[in-house]
Structure formats: structure tokens, C-alpha cells
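Here is how the chains run, residue by residue.
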Amino acid sequence: MASLTSSTSCHSLTMPKVAQFKIGLCQLSVTPDKTTNLSRARNSIEIAAKQGASLVVLPEMWNCPYSEDYFAKLAEDFNDEDGSPSYFMLSEVASCLGITIVGGSMPELKDGRLYNTCCVFGPDGKLKAKHRKLHMFDANIPGDILYKESDTFTAGDNPTIVETDMGRIGIGICHDIRFPELAMLYRTRGANLICYPGAFNMSTGKMLWELEQRARQLYVASCSPSRDSVGSYTIWGHSTLVGPFGEVIATSGHEETIVIAEIDYSALQCRREGLPLENQRRGDIYQFVDIEEQRP
Ligand SMILES: NC(=O)CC(=O)C(=O)O
């Protein structure tokens, strides 16, 4: 028997209080100057909220170029009020506007280590969850890309699923999207939506960015920096919202922009009833184990 690591049990889909709402994906141009990045991000979040978004997602590394030249320099210790302007800006703007923010990712400094971290804030401005990127983007594709994220960052150790007014949301950061097991874990734990702040590069972006999102069969939102962001790493862009049948609901090009789109969780219910993959899984042939359920 091939073993992937899930029990056959499936957490049933819980419908959140708000089942229909607008999401805003802020595709930001990122510079080496943190103050500029903060004011651009704040401005973009405010515009998204004005356009009706009650959930706003930011890109991977929105406050710092995606480059090892900047990660350590611009990292923040989120426990240090004076040393963490990005963290406190997100908290403040979430409470000012009364919205939920999936705060992309930022370089986090904790006990001498760097993490690529996403903070989720509720409409009261309180931190609801913190996801540290689980899978490091170490790639050596001759003639294409050589990048070793693990030279700089330490990988996180926990999946992140967060209860919000806008549903149960699973979080992954960029390369995390390549691991369907993580998405499956979120699905079996009843996620309505997975948010992936990401910064795919030009070649993997063209080949895989949209494909990875469309294969997940629940709502998937991705948010990238724009291509004109500074650094040697050229970014694909194309922040996107995908629905539960793999349909692209809204997307963008590579320029700085805001994608506003409607999420309606009844479509998710319809997909689950019409195509009940959870009941059709062949547990006699392969197994998916949620490690958390196995713990005593
Ligand atoms: N930032 C990343 O994790 C990049 C990545 O996955 C890619 O394909 O590019």
C-alpha cells in the first residue's frame, strides 16, 4: 500500500458567518526603502477596502525586496514595538478599516534566526496567526535559476489554519504551494480558502504558478509583488483568485495593481456535493495521515 501520510475522516465544511464577500489582492512594487514599501502597502490596502474588500492579501516579501542582500537588513522582530514598523502598520490598518489582512510575508528575526513569515490580523487589529514558510525554495535548474533560500532562512514547523470572519483560511507561502499534501491537509481540516502570498520567478511562474492554484479544488488566492520590484530576482506577478472548480475568477498582469474579486462559499459547497472527492478517496490503496490527529 502506498502511504502518503490522512485518515479517511474529513472535517466537514463549516460555512462562515460571511459566506459572500470581496477579497483584495494587492500586487505591490517593492523597493529597498522600507518606508516607501509601507506607505505603498497601506495606500493599496485602503483602496482595496474602499472598493469593498473585507479580506486583503499582500505579496510574499512586500516590505523588502526578494533578495538575500536585503532580508537580514530589513528583518523585524515582531515583539519589538519600535523595531517592527511593518507588523504594527498592518495591525493598525486592519483595525482602522475593520478588515482581515493576510499580511503577505516579511523577513522575521527571532532568536538570531530569520524566517519568511506571514502574519494574519483580524478586524480588531489583533494577530490571529503567524505562518513561517515551511518549504525553502532551493532550486538549481541549469541555465535557468539558482537560488538557495535555506542559506538565509530557517523553515517553519507548523501548518497554519486560521478561523476568520471570512472563513477558515489555510496559509502557505510561495514554494509551499508545490506541496499538495499541505493543501490536502487544509482541505481535510475544513479550509474554505487557501492564501498563498508568493513571488514565483519568470520561468516557474509561466509554467506552474496558475496550474498549482487551479489544481487545489477549493478557493485559492495568490498575491505576488509586481515585476518591477527591485532585486536580481525577476518576479512573475499575476496575482490570482481561483474558484473550487479550478476556474480563474480574477487575475492580473505583472504590473502594480489591485485585484478585487468576489468569493461565494456556496460554490464550494456545490463542488463538495457535486464532486465528493472526500468520500471517493481510496483509503484501501493509499493513505493521507494528518499527523496532528495521530498525536496522543
Ligand atoms: N519564492 C519562492 O518560493 C519561489 C518559487 O517557488 C518559484 O518557483 O519561483
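These numbers come from a predicted model, not from an experiment. (Residues numbered from 1 in each chain as written. Predicted model: local features only at pLDDT ≥ 70, side-chain atom pairs only at ≥ 80, totals over all residues. Heavy atoms only, no water.)

Let us look at the overall build of the protein. Along the backbone of the protein there are 8 helices and 17 strands. Its C-alpha atoms give the protein a radius of gyration of 18 Å, near enough to 19 Å, the size a compact globule of 296 residues would have. Overall, the protein is about 55 × 45 × 40 Å in size when its C-alpha atoms are taken along their principal axes. Buried residues in the protein amount to 54% of all 296 residues. Per element, the accessible surface of the protein, about 12500 Å² overall, is 51% carbon and sulfur. The average position of the 28 basic charges and that of the 37 acidic charges among the side chains of the protein differ by 3 Å. (Helix = DSSP H or I, 4+ residues; strand = E, 2+ residues; numbered from the N terminus. Rg over C-alpha atoms; globule rule 2.2 N^0.38 Å. Buried < 20%, exposed > 50% of the residue type's maximum accessible area, 1.4 Å probe, protein only. Areas by Shrake-Rupley, 256 points an atom, 1.4 Å probe, with all protein chains shown as cover. Lys, Arg positive; Asp, Glu negative; His and termini not counted. Charge placed at Lys NZ, Arg CZ, Asp CG, Glu CD.)

The α-helix winds at 3.6 residues per turn, so residues separated by three or four positions along the chain end up facing the same way. Over its 17 residues, helix α1 (residues 34-50) extends 24 Å from the first C-alpha to the last, a length consistent with the 24 Å expected when each residue adds 1.5 Å. Among the residues making up α1, those that are buried are K34, N37, L38, A41, S44, I45, A48 and A49. The buried residues of α1 occupy an angular sector of 135 degrees when the element is viewed end-on, so they sit on one face. Turned more than 90 degrees off the buried face of α1, the exposed positions are T35 and K50. Phi turns positive, to about 105 degrees, at G52, one or two residues after α1. (Expected span 1.5 Å × (residues − 1). Arc of directions from axis to C-beta.)

The next subject is the pattern of salt bridges. Under the criterion given, the structure shown has 15 salt bridges. Measuring nitrogen to oxygen at the nearest pair gives 2.6 Å for the salt bridge that ties E163 to R168. On the basis of relative accessible area, E163 is assigned to the partly exposed category, the value being 46%. The exposure class of R168 is buried, given its relative accessible area of 18%. A salt bridge links R214 to E210; its shortest N-O distance comes to 3.3 Å. (Salt bridge = Lys/Arg side-chain N within 4 Å of Asp/Glu carboxyl O.)

Every residue near the ligand is listed here: E60, Y66, K133, F137, C174, H175, R178, A199, F200, N201, T204 and Y233. H175 places a main-chain nitrogen or oxygen 3.2 Å from an oxygen atom of the ligand. Side-chain polar atom of T204 to an oxygen atom of the ligand: 2.6 Å apart, as the coordinates give it. Compared with its free state, where it exposes 270 Å², the ligand has 100% of that area covered by protein. (Near = heavy atom within 4 Å. Polar contact = N/O pair within 3.5 Å; in protein donor to acceptor, adjacent residues only side chain to side chain.)

This brings us to the packing of aromatic side chains. On inspection of all chains with the given rule, the structure shows 12 aromatic pairs. For the ring pair Y66 and Y147, a centre distance of 5.3 Å and an interplane angle of 20 degrees mean the geometry is stacked. With Y66 in the loop between β3 (53-57) and α2 (71-74) and Y147 in strand β9 (residues 145-148), this pair connects stretches of sequence that are 81 residues apart. You can call Y66 buried: its relative accessible area is 3%. Overall, the relative accessible area of 9% leaves Y147 in the buried class. (Phe/Tyr/Trp six-rings, centres within 6.5 Å; stacked < 30°, edge-to-face > 60°.)

The next thing to look at is the nonpolar core. One finds I23, L55, V102, I171, L193, C195 and I263 to be the most contacted residues of the largest nonpolar core, which totals 43 residues. Dropping the residues within four chain positions of it, L55 is found in contact with F21, K22, I23, G24, T100, V102, M166, I169 and L193. Among the nonpolar cores identified, the runner-up in size contains 22 residues, and I45, A53, V56 and W62 belong to it. (Core = buried A, V, L, I, M, F, W, Y, C linked by side-chain atoms within 4.5 Å. Contact = heavy atoms within 4.5 Å.)

Before going further, it helps to examine the pairing of strand β10 (residues 160-164). Burial of β10 is one-sided: the residues T160, V162 and T164 facing one way are buried, the residues I161 and E163 facing the other way are not. Here β10 pairs with strand β11 (residues 167-171) via 5 bridges, running antiparallel. Residue pairing in the sheet places T160 in a bridge with I171 of β11. Between β10 and β11, which follow one another and run antiparallel, lie 2 residues. (Pairing = 2+ DSSP bridges.)

The sites that UniProt annotates as "domain: CN hydrolase" (unreviewed entry) are residues 21-265. Between the C-alpha atoms that bound residues 21-265 there is a distance of 9 Å. The span itself is 23% helix and 32% strand. (UniProt positions renumbered as here; feature names shortened; annotations may be inferred.)

Turning to helix α4 (residues 180-188), its buried residues number three or more, namely L182, A183, L185, Y186, R187 and T188. Taken together, the buried residues of α4 touch β7 (127-132), β10, β11, β12 (193-197), α6 (266-274) and α7 (277-280). Looking one or two places after α4, you find G190, whose phi comes out positive at around 85 degrees.

We now examine unusual backbone geometry. Where the residue is not glycine, phi is negative for most of them; where a peptide bond is considered, it is trans in most cases. The phi dihedral of Q217 is positive, around 60 degrees, even though this residue is not glycine. Looking at the element boundaries, Q217 is found in the loop between α5 (202-214) and β13 (219-223). Even without glycine at this site, H238 takes up a positive phi of about 65 degrees. Here H238 shows up in the loop between β13 and β14 (240-242).

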